[in-house]
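# Coordinate analysis (summary)
Here are the chains, one letter per residue:
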Amino acid sequence: MASEPKTKPTDVPVDDFIASVEHPRRRADAAVVRDLLTEITGEKPVMWGPSIIGYGGYKGPTGDWPIIGFSPRKANLVLYMMNGFAGSAELLDRLGPHKTGGSCLYLTTLDKADMSVLRTLAEQSVAHMRAKYPAA
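These remarks concern the structure in this document. (Residues numbered from 1 in each chain as written. Predicted model: local features only at pLDDT ≥ 70, side-chain atom pairs only at ≥ 80, totals over all residues. Heavy atoms only, no water.)

### Observations regarding the sheet that holds strand β8 (residues 104–107)
The strands making up a sheet associate through backbone hydrogen bonding, with each pair oriented either parallel or antiparallel. An order of β1-β2-β5-β6-β8-β7 is seen for the six strands of this open sheet, with the pairing classed as antiparallel. In this open sheet, the two strands that pair with only one neighbour each are β1 (46–48) and β7 (99–101). If you compare each strand with its neighbour and ignore which way they point, the axes differ by 25° on average. Alignment of β7 against β8, held across three bridges, turns out to be antiparallel. Paired with Gly 101 across the strands is Cys 104, a residue of β8. (Pairing = 2+ DSSP bridges. Helix = DSSP H or I, 4+ residues; strand = E, 2+ residues; numbered from the N terminus. Axes fitted to C-alpha atoms, helices over the stretch in contact; angles between N-to-C directions.)

Below you can see the structure in the form of structure tokens.
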């Protein structure tokens, strides 16, 4: 049996976490993504562990996880979203400079990304996750 994930929701205020991000560009990008994902999901952002901002939740095979989230890491802004849904490869081709790995999308800065494409990726990822894991 898989072990419970160590990353769980916390009571740390998201705005306090974003304000504590040292790099000004990463902090500004985090505020933009927070607002974007809040609008897309209709959910209040919640800190998951010490550094992930997550929205909603689902029970996966290894426990509870947000349906979408992000983290303003030192090297990249990391978005945790489902990939592999219909049209995702074409959207990624149009996004701008990025890297992917598993369900992670790595952006060095938002000013090089096509924000309308990022919005569509996030909307479709959330829709895919909500269809796959309907609320109980």
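### Re the side chain of Thr 41
One can find Thr 41 in helix α2 (residues 24–41). A polar contact is formed between the side chain of Thr 41 and the backbone oxygen of Leu 37, at a distance of 2.8 Å. Among all residues touching Thr 41, those that are not within four sequence positions of it are Tyr 55, Ile 68, Val 126 and Arg 130. (Polar contact = N/O pair within 3.5 Å; in protein donor to acceptor, adjacent residues only side chain to side chain. Contact = heavy atoms within 4.5 Å.)

### Here's the deal with the pairing of β8
One ladder, built from four bridges, connects strand β6 (residues 77–80) with β8; its direction is antiparallel. Along β8, the bridge assignment pairs Leu 79 with Leu 105. Counting the residues that bridge the hairpin from β7 to β8 gives two residues, and of these Gly 102 lies at a positive phi of roughly 60°.

### So, the environment of Asp 64
Following the sequence through the fold, Asp 64 ends up in strand β4 (residues 63–65). As a C-alpha pair, Asp 64 and Pro 9 span 55 residues in sequence and 9.2 Å in three-dimensional space. A polar atom in the side chain of Asp 64 sits 3.0 Å from the side chain of Lys 59.

### Let's talk about the pairing of strand β5 (residues 68–72)
Most of β5 sits inside the fold, with five of its five residues counted as buried. Because side chains alternate across β5, one face comprises the buried residues Ile 68, Phe 70 and Pro 72, and the other comprises Gly 69 and Ser 71, equally buried. One ladder, built from three bridges, connects strand β2 (residues 52–55) with β5; its direction is antiparallel. Paired with Tyr 55 across the two strands is Ile 68, which belongs to β5. Relative to β6, β5 is paired through four bridges, and the arrangement is antiparallel. Across the sheet, residue Phe 70 finds its bridge partner in β6, namely Leu 79. Hairpin connection, β5 to β6: the antiparallel pair is bridged by four residues. (Buried < 20%, exposed > 50% of the residue type's maximum accessible area, 1.4 Å probe, protein only.)

### What about the nonpolar core?
Formed by 32 residues in total, the largest nonpolar core has its most connected members in Phe 70, Leu 79 and Leu 95. With six residues, the top contributor of residues to this core is helix α4 (residues 115–132). Sequence-distant contacts of Phe 70, that is, excluding residues within four places in its chain, are made with Ala 30, Val 33, Arg 34, Leu 37, Ser 51, Ile 52, Ile 53, Tyr 55, Leu 77, Val 78, Leu 79 and Tyr 80. (Core = buried A, V, L, I, M, F, W, Y, C linked by side-chain atoms within 4.5 Å.)

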